[in-house]
Each structure stands twice: as structure tokens, then as C-alpha cells.
Amino acid sequence: MFEPFAEVPAYPLVFPIFWGAAAFFALAMARHLRVFAVARPSRPFANIPARLIGLVQYAFVQTKMFKDMRAGLMHAGIFWGFVLLTIGTADIVTGGIVQAVLSAPFEGALWAAISAIQNVVALIVLVSIAWAYVRRLVTRPARLTFNRDALVILAMIGGVVATELLAQTAQVARYGDIRGAFVSNALAVPLRGLSPSALEGAFSLLWWGHIALVAAFLCYLPFSKHLHIATSFPNILFRKLAPRGELPQMELEDETATFGLKTLQDLGWKDLLDGFTCTECGRCQAACPAWATGKPLNPKTFIMGIRDMAVDAEHGIDLIPNSPIVRETYGLDDTRPAAAALARPIVDTAIPYDAVWDCVTCGACVEACPVLIEHVDKIVGLRRNLVLEESRFPAELTPAFRAMENQGNPWGQPASARTDWTRGLPFDVPVVADLAAAGGLDDLEVLYWVGCAAAFDPRNQKVARAVATCLHAAGVNFAILGQEESCTGDPARRMGNDYVFQILAAGNVDTLNRYAMGERAIVTACPHCFNTIGNEYGQLGGAFKIVHHSTYLAELVASGRLATLPEDATSTTGDHRPGAVTVHDSCYLARYNNVVTAPRSVLAAAGVTVTEMERSGKATFCCGAGGGRMWMEETRGTRINAERARQVVETGAATVATSCPFCMVMLSDGLAAADGGQAVATLDVSEVLAARIAAAPPDRRLPVIAG
Amino acid sequence: MRIVVLVKPVPDPASGGERLGANGRLDRAAVPAVVNGNDEYALEAALKLTAAAPEGSEVTLLSMAPASAPETLRKALAMGATRGVHVTDPALAGSCAVSTAKVLAAALKQLEFDLVLAGVDTSDGLGGTVPAAVAAYLGLPFLSYAARIEPDEPAGTVRVRRISPTGYDLLEAPMPALISCTQALGEPRYPTLKGIMAARSKEIATRSLADLELDPSTVGGAVATTQVLATKVPPARGATEVVRGTPDEGATRIVEFLAQRRII
């Protein structure tokens, strides 16, 4: 006769205690969902296979956790321990069904193996918990939030595991070895001499202590930051699958709509889920360049602020919901989210006004987050509301907005000056409109999308000349749009002005389609143009194949179309070998669009050896110009470009290679201020390559390249 | 408070393409038009004054401009003006400042207002005489170079801080009055999207010379008091040299630079 837990006094009480706690947990979670119901709909249901693969990758294998290897191991220890120990808990709360079933195969060997594994992971969890306590009480990494919640949760997990292990130990000491439970069996050896009644008492106390802690944990969890154990799975499943650089589309013609994000109700429920998933691990905070330079923006407190707002809105909702029939019968009102909390603006509640504008939209927070929370889209959403509804933004942005609206570029330069950079080149740069008029468009291989920075900023005009020189030297049949090009709208969009973005973008889509540019490659040296044309113009009906110049130039070299000088040769234009080189990755190139190796391939083709910075590739540190910050004063904290310049100088490199016009401006300025002179040069990868073009005929030589 | 703001569409100064046609008149097709910068400051001042006392307040834009002007006027309406009055007539082409003032005065006679605000000058003509001339035609007090405007509605007066060569003059005049506005009044607002949407359906009334009961032979190019004989584009600025380095290096380079040009 199968009699599970016969040795446990009053065992049947487990059922009301555990399942009561479980019901409380479910009701508290359902109350969270009542607030979700007043949020805007999110529809993250497309592409289920990719979502499931992501669930395995991020929720079970937890790849992002291991970027901080030690914290990752600790977390994996607790996570897997917890998962495996749940088998034992499931057995207890189901009256031993689990054991009954799993004991059947192989004459109980399977259950014995499970018991052994549980013993091992119990020890691993306890060691991990101890480690977690050391981090919170002794080493105290800056990114963590230190509050009682974390200590309570750790104590509960530790308690649950310890009581389970020790109860088993007492059981073994009193009733004899349990097959497979080798740790308990060993621990019980010195206890065997104790009186049976003492062991029975200890066992009862520990066993019931374990159940009490499990129940308490369930009741505590919905109100704790530790809720991520329940929410991270759906949060990862329902993550943004669109390119990370594609901001949400915006409907501007609905006069009754709220533009952008103002209150909790303007967020999607997925945004609220983000809030309930945040565990305050602070990886976003540690990665944030604004926070690193002493600005009020903290991505972690922003997300937690959204969660706090959602919790505030729950006040007024009863834990046990009434059904409509019950309400009707007894004349009760439905309890609803607190209206005042729902009407409260997010800005200056969850995030300070200044912090909204401190964001460089570099995406380091999103990249760092182990549970795939989206910070940037929400911050841009807040900007949209401030700009489009309240006309409330840093004063410096007005001229930039007006210049984009009136002149089609944030520099406020006339369109007629767009081809000024071609002056002084020893060859002609054809303009698409001229080619079309002459019927020469069919032979066009590549459209070179110059971008406003390279067209108007004197330093970046040199980069445009280097790019054109490389294309020309490789014999690429390319042309530019000239006066017909305008700003892609990236800065306007990321500053929250989607109205100006949509005007500019629609104009460009129209121009590009008029010349059938969807049928050939578009090459640009600007990662912002690259991201917007490639990832965002689809929202306006544009389908273009855009290639970053680093990728294109690397291909030209690889395919043999562009020959470079042997390593020991001196360039025909004088030796511009840039000495020791480090690479600064652009956020919108590396992090947003995964272009990491191409700039390095270009440098390798130029015979350059690269010394990497600590923050490189997808973990790069922003130059400070993203998200429209190029056109804002940086008055709070220290300067982001100065911090990045410091990191550049630390490598000892003589040159920092960039592949973005904004990075070029910010790093040149930062380095000039950092070392008081030009000790470290800033060069675009195309400039480094252009200086090493082999056997360039005299008319294809680059006239000027050094910084 | 009812305020009329005089507004002129001008070629975008930032476009750099402003040029005169063969007839000495502005080639308006060459560059996109924007609201004259100083007029935007006047409009901003008007919007702030009416927002302070919204009861019965309105801001009317008045513009004498070619037929294409409404597109530009909508941008000013988007900032928050109530409505627009657009005076346009083929006979007005080539008008001088005197004609312009005469026409605007005639249009103002048909409007009710407590104040008329205008930018101190326009970025295309830069004459700066029209506001004073309009005031003269209508016999209104004229308060120029306003850096601050403080109306006292119960008393029916307005006080203006007028920028003077030595500081400020404090002027007071009975309303209605005409005030020419400077940038010291405060940055013009950037329109909200709702403002842009609302502007699409705001009224822009069109007035011809006949509507204003003006004889076409008394205004326009034919009777212009001034004529443009020739224009010259200023030479492009030379290259800029930025001096970087330690203070000593910088100073040495600057001295060299000045010495080369025999300035020192």
C-alpha cells in the first residue's frame, strides 16, 4: 500500500496551506493583469518559432546573464537548483504522485537519481545564495539596488532549500537511508545517536518549516521584484522581434489620439510587463553612458518607476474580483484601477524630465538586459508626447527641427550646398538626376547616400571624399542624389518629432522610388541613415537594400576590385599609416545592426593592427551624439565624448577609427579636449583605406586625407 | 484682447538662394517661403498676451502677399493664431514700402483690434519702415523696438519697454496702438501636432484691392517710390582656421597668422 508522507504529522494540512497560497498568488497576479487591461494593446504574437527559440536562449540558457560570468554562474546555480527542487515540492503538494510515478521505472532507480541530483543542487543553491549575500553585503557592485526585498528573497530561497535538505537529513537519521539522497544520508550519520523523539520533532519542525516558507514565498512573490521568475518567460516570449532600430510606427492623422506616451494608459501591456519583469539587476544602469557621466537618467529606475506606477494604479482593485452577475445581484460597483494614478504623467513620475532628454538612444541598456526589456522605445515615446503635444523640449532643438523642416537637414544648410564636398576631387561625382536625364541610369551600380553630416560638416566632407575615392578607384559605377537628397529623419524621429520624420522620410522614399533605387544597392557611410533607410523606411512603403560603406569597401577588397598596398610599402600619397589603431564602434552600426567585423576588415585590408577597447563591438560605448543629442547641449554631468575619449587614450592608440560621422565629430572634439592637442587622430575607416589604395592612377589619388 | 499681427512670407534666409529677378523683384520661385523671423516673435508675444487674458481674445494674422501665401500662413496659424486675413491682388506686385503700408492700413480699418504687432523689419527687404507707416496712415500711437509689452485693459493703455541705445525707454500709449517687436520678447514657440492639424481648418479670408476699396492705380509696382537698380552678392567667406594646441602653441600660431597678413 502506497502511503506517502506517513511519517509527517498532520500531512493533509499541506493541501489547504499550499493551494491556498497558490490561489492567493494567482489572484494577486490577476490583479496585476487588471491594470494591463487598461493599457494599449500590444500584439507580439507573430513568428512563434523565433519566439520559442528566444525563450530557450534567453530564459533557459540565459545567454545574456553570462556576459557577467560570475553573476551568471551564481544565477544559473539558483535558477537550475530551484527548477530541479521544484520536483520535490510538486511531489509534496500533490500527495506524492510525482514520486509514485517516477519510482516505477527501473525499479526506483530513476527516483533515486532524482533524489541524488536534488541533493547536489541543494548544495549548489546554498553556495550561490551565500555568494549572493556576499555581493549584497560585502562587495556591493554599483549596479545593484540595495534594499530589504532582495535580502528577504534570498533568505526565503535559502530557507526553502535548507529546510528541505535538513528535514530529509532528520528523516534519514530517524528512519534510515533514502536511496540516492547521498548528501542527507551522509549528513545524518553523526545524528543517528540522537533519540527518536528528538529526531522526529526536528523532522516535523523542518518539514513544516519548509512548507510554511514555500507558502510564504508564493504570497510574497507578487509584491516583490523577484516576480521575474514568473514574468521573464512571457516577457521574453513577447519580446520585440522587429529590428531593434525600428521605432514603433506612429499614426499622426488621428486627432483624438494621444500622441506618444503620456500616462500609463498610453503604454502597451507589454511595456507594463517589462516593468514587472525588471529585477533591478542594474546591468542597464552599468551600461548606460548617461548614467556613467553623472546624468539623472537611470534606465533601471525608469523601468521600476513604470512598475511602481502600475502598482499604484492597482490600489482600489479588490483582490477577489466580483463577476458581473454578483455585482448586479448585490448592487456592487466593479473595482477599477485608481483613476488618479492612471492620469498621472509618466514624465516626472517614473523618470525625471531632464532624463528623458539625456538618453542617447544608444541601446546599451536594451542590449544588456537579460530579460529583454525595451527601454529606448519607451523613452522616444515620452519624447513624442512632449514634442508633439506639449511643445516641451530643450530650446536648442527648435532650430534643428526648423532646419530639418525647411532645409531638409539639421545643419540648416541650403540644399544647393549638398555637393560642395565633391569640389577638389580629381574626378566627377555623377548626380542621379543628370544620369536619368541622359538615360544612363541603367548602368548605375550603386547609389552613394552621402548623408547630411558628410555633405555639410567640413571634417566629414573629407570622409565623403575618401569614400568616393575608394569607389572610384575600384571602378564602381556610382552616383549621388545631390540636391535631391535630404535628411533621413533619424534625428527628428529620435528627438520625438515623428511629424518631421514622416515628412522627410516620405520625401526620400518618393525620390528613391522615382529612380528605382530599390533595385540596386545604396551605400552610406552614416549608420543613422543606414538604420533608418534599412529598418524604418518599410513603414512608409520603402524597400531598399542599404549597405554600410565599411561592409561595401570590405567586399570590394575581398573581391579584388580594390587593391591595397603591401604592408611595407609607402603610399604614393605619402605615408598615412595611422600607427596603433583602436576601433570605436557606432551604436547604430554595431549594436543595432550587428555590423562589427566589416570596419575591422577594412582596417585589416589597410594593413592596420587593431587594439580593442574594453567596450567594443555590440558592447560599445556611445560617443554621445545619438538620439538627436548631436543637437543638444550637454549640461548635466560630465561629457560622454570626454569619457569615451578617455577610454580611447587608455588604449595607447595613436588613431581611433570610426565609421560614423557623428562619432567622428564627437570623438575629434573629445580627444582634442582630452589631450589638449592632436595626439590621437580620429579617422574614418574609409580614410585609412583610401590612404593605402595600391597603384592608383594619378587621377584617382586622394588629395587630402589626414585629420 | 484682440490683436492683429502683421505677417510676411519671406524667402527662407537659411536657404542661401535668395535672389532678385531681372525686374529687380524677388524671385519667389527660387526658394521656399517661411514666416518672417521677427514676425514670429511678434506673434509669440501676441499669443502670450492673449493667453494671459483668454476671455474674448483673438489673434488675427494680416498679410499682404502673393497668392501662394496661405501655405506659409498656416505655419503661423499652427502656432496658435485664431485666423488669417490675406490681402492679395495682381496689381500689388512690385509694391514699395509706402504701398504696402497703405494697403495694410486699409485692411486694418476693416478689423477690430486693441493692438497691432509687427516685427521690426523683414529679412528680405530690411526696410523696417512699414510698421511706422501703417501707424501713421491710421493715426495710431507707434511704439517701436519693444522688448516687453504690458497692456492695462481696464485703463485702456499699453506700456512698452523700448530698446534704446543706452538701455530702455518706458513708453505708454492709449490703445489701440501699433507696436514693432524685437527678439527680446522671447523665442517663438514650436507648433504642436494638434496645432498643425487645427491650422488646416482655420479661416484665411482673402481680400482684394476692391474689397479694401483701394484704387489699383494708387498702389503697386507702377507707383513704387523706390526702385532696385542693381544687386550684388557678397563674396564667399574665406576658409576658417581653427587653432588647437597648448596656449603657447596657439598664441604662436595666432601671432604668425596676424603677422603674415601684416596686421601686426
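The structure displayed is predicted, hence computed values, not measured ones.

Here we come to the overall build of chain B. On a plain count of helices and strands, chain B comes out with six helices and eleven strands. The 264 residues of chain B split such that 42% are buried. In chain B, the share of contacts with a sequence separation of at least 24, taken over all contacts with a separation of at least 6, comes to 70%. Per element, the accessible surface of chain B, about 13,800 Å² overall, is 54% carbon and sulfur. Taken as two groups, the 26 positive and 28 negative side-chain charges of chain B have centres that lie 4 Å from each other.

When helices and strands are tallied, chain A shows 31 helices and seven strands. Here chain A holds 707 residues, and 57% of them are scored as buried. Long-range contacts, defined as pairs at least 24 residues apart, comprise 80% of the intrachain contacts of chain A with a sequence gap of at least 6. Here chain A displays about 27,700 Å² of accessible surface, and carbon together with sulfur accounts for 61% of that area. Where the 58 positive side-chain charges of chain A centre and where its 65 negative ones centre are 4 Å apart.

Attention now goes to the domain arrangement of chain A. Where interface size is given, it is often the accessible area lost as the parts come together that is meant. Residue and element names in this part refer to chain A. In terms of domains, chain A is made up of domain 1 (11-237), domain 2 (264-388) and domain 3 (397-700). Each partner contributes residues to the interface: domain 2 has 25 residues there, and domain 3 has 29 residues. Taken together, both faces of the contact between domain 2 and domain 3 bury some 2,000 Å²; the carbon and sulfur share is 58%. Considering only the surface of domain 2 that becomes buried against domain 3, Thr 293, Trp 357 and Val 360 emerge as the three largest contributors, covering 24% of it. For the pair domain 2 and domain 3, the number of links is five salt bridges. Among the salt bridges present, the one from Asp 358 reaches Arg 636, with a minimum N-O distance of 2.9 Å. In this structure, the connection of domain 2 to domain 3 is made through 16 residue pairs in polar contact (both at pLDDT 80 or more). Secondary-structure elements contributing two or more residues to the side of domain 2 that touches domain 3 are helix 11 (283-287), helix 12 (289-292), helix 16 (353-358), helix 17 (364-368) and helix 18 (376-388).

On to the side chain of Lys 64 of chain A. Secondary-structure assignment places Lys 64 of chain A in the loop between helix 2 (48-60) and helix 3 (69-93). Residues in contact with Lys 64 of chain A, not counting those within four places in the same chain, are Tyr 58, Arg 244, Val 366, Glu 367, Cys 369, Pro 370 and Leu 372 of chain A.

Structurally, Asn 497 of chain A can be placed in the loop between helix 23 (490-494) and helix 24 (498-514). Within the structure, Asn 497 of chain A has its side chain in polar contact with the backbone nitrogen of Val 500 of chain A (distance 3.1 Å). Setting aside chain neighbours within four positions, we find Asn 497 of chain A in contact with Val 387, Leu 388, Phe 401 and Ala 492 of chain A together with Tyr 190 of chain B.

Residue and element names in this part refer to chain A. Mapped onto the elements, Ala 505 comes out in helix 24. Residue classification places Ala 505 among the buried residues on the basis of a relative accessible area of 0%. C-alpha separation for the pair Ala 505 and Val 356, spaced 149 residues apart in sequence, amounts to 24 Å. Apart from the residues within four sequence positions on either side, Ala 505 is in contact with Thr 488, Tyr 537 and Leu 540.

For the rest of this paragraph, the subject is the packing of aromatic side chains. Residues and elements named next belong to chain A. Counted according to the given criterion, the structure contains 24 aromatic pairs over all chains. Seen from their ring centres, Phe 60 and Phe 233 are 5.4 Å apart, and the 50 degrees between their planes marks the pair as tilted. Taken together, the residues Phe 60 in helix 2 and Phe 233 in helix 9 (residues 228-237) connect sequence positions 173 residues apart. Judged by its relative accessible area of 33%, Phe 60 falls in the partly exposed class. Judged by centre distance (5.5 Å) and plane angle (90 degrees), the ring pair of Trp 631 and Phe 662 falls under edge-to-face. Separated by 31 residues along the polypeptide, Trp 631 in the loop between helix 28 (597-605) and helix 29 (640-650) and Phe 662 in helix 30 (residues 661-675) bring together distant segments of the chain. Neither residue differs from the other here; Trp 631 and Phe 662 are each classed as buried.

Residue and element names in this part refer to chain B. A large share of strand 4 (residues 58-64) lies buried, amounting to six of its seven residues. Taken together, the five bridges between strand 1 (residues 2-6) and strand 4 define a ladder with parallel strand orientation. Among the inter-strand pairings, Val 5 is bridged to a residue of strand 4, identified as Leu 61. When strand 4 meets strand 5 (residues 83-87), the two strands line up parallel, connected through five bridges. The residue of strand 5 that forms the bridge with Ser 63 is His 86. At this point the chain moves from strand 4, through helix 2 (residues 69-79), to the parallel strand 5, and the crossover so formed is right-handed.

Residues and elements named next belong to chain A. If you check which residues of helix 19 (residues 397-406) are buried, you get Leu 397, Thr 398, Ala 400, Phe 401, Ala 403 and Met 404. On its buried side, helix 19 packs onto helix 16, helix 18, helix 23 and helix 24. Count one or two residues on from helix 19 and you reach Gly 408, which has phi positive near 75 degrees.

Thresholds, definitions, all that
Residues numbered from 1 in each chain as written. Chains lettered and ligands numbered in written order. Predicted model: local features only at pLDDT ≥ 70, side-chain atom pairs only at ≥ 80, totals over all residues. Heavy atoms only, no water. Helix = DSSP H or I, 4+ residues; strand = E, 2+ residues; numbered from the N terminus. Buried < 20%, exposed > 50% of the residue type's maximum accessible area, 1.4 Å probe, protein only. Contact = heavy atoms within 4.5 Å. Areas by Shrake-Rupley, 256 points an atom, 1.4 Å probe, with all protein chains shown as cover. Lys, Arg positive; Asp, Glu negative; His and termini not counted. Charge placed at Lys NZ, Arg CZ, Asp CG, Glu CD. Domains from an automatic or database assignment. Buried area = accessible area lost by both parts, 1.4 Å probe. Salt bridge = Lys/Arg side-chain N within 4 Å of Asp/Glu carboxyl O. Polar contact = N/O pair within 3.5 Å; in protein donor to acceptor, adjacent residues only side chain to side chain. Phe/Tyr/Trp six-rings, centres within 6.5 Å; stacked < 30°, edge-to-face > 60°. Pairing = 2+ DSSP bridges. Right-handed = clockwise from strand over helix to strand, strands pointing away.

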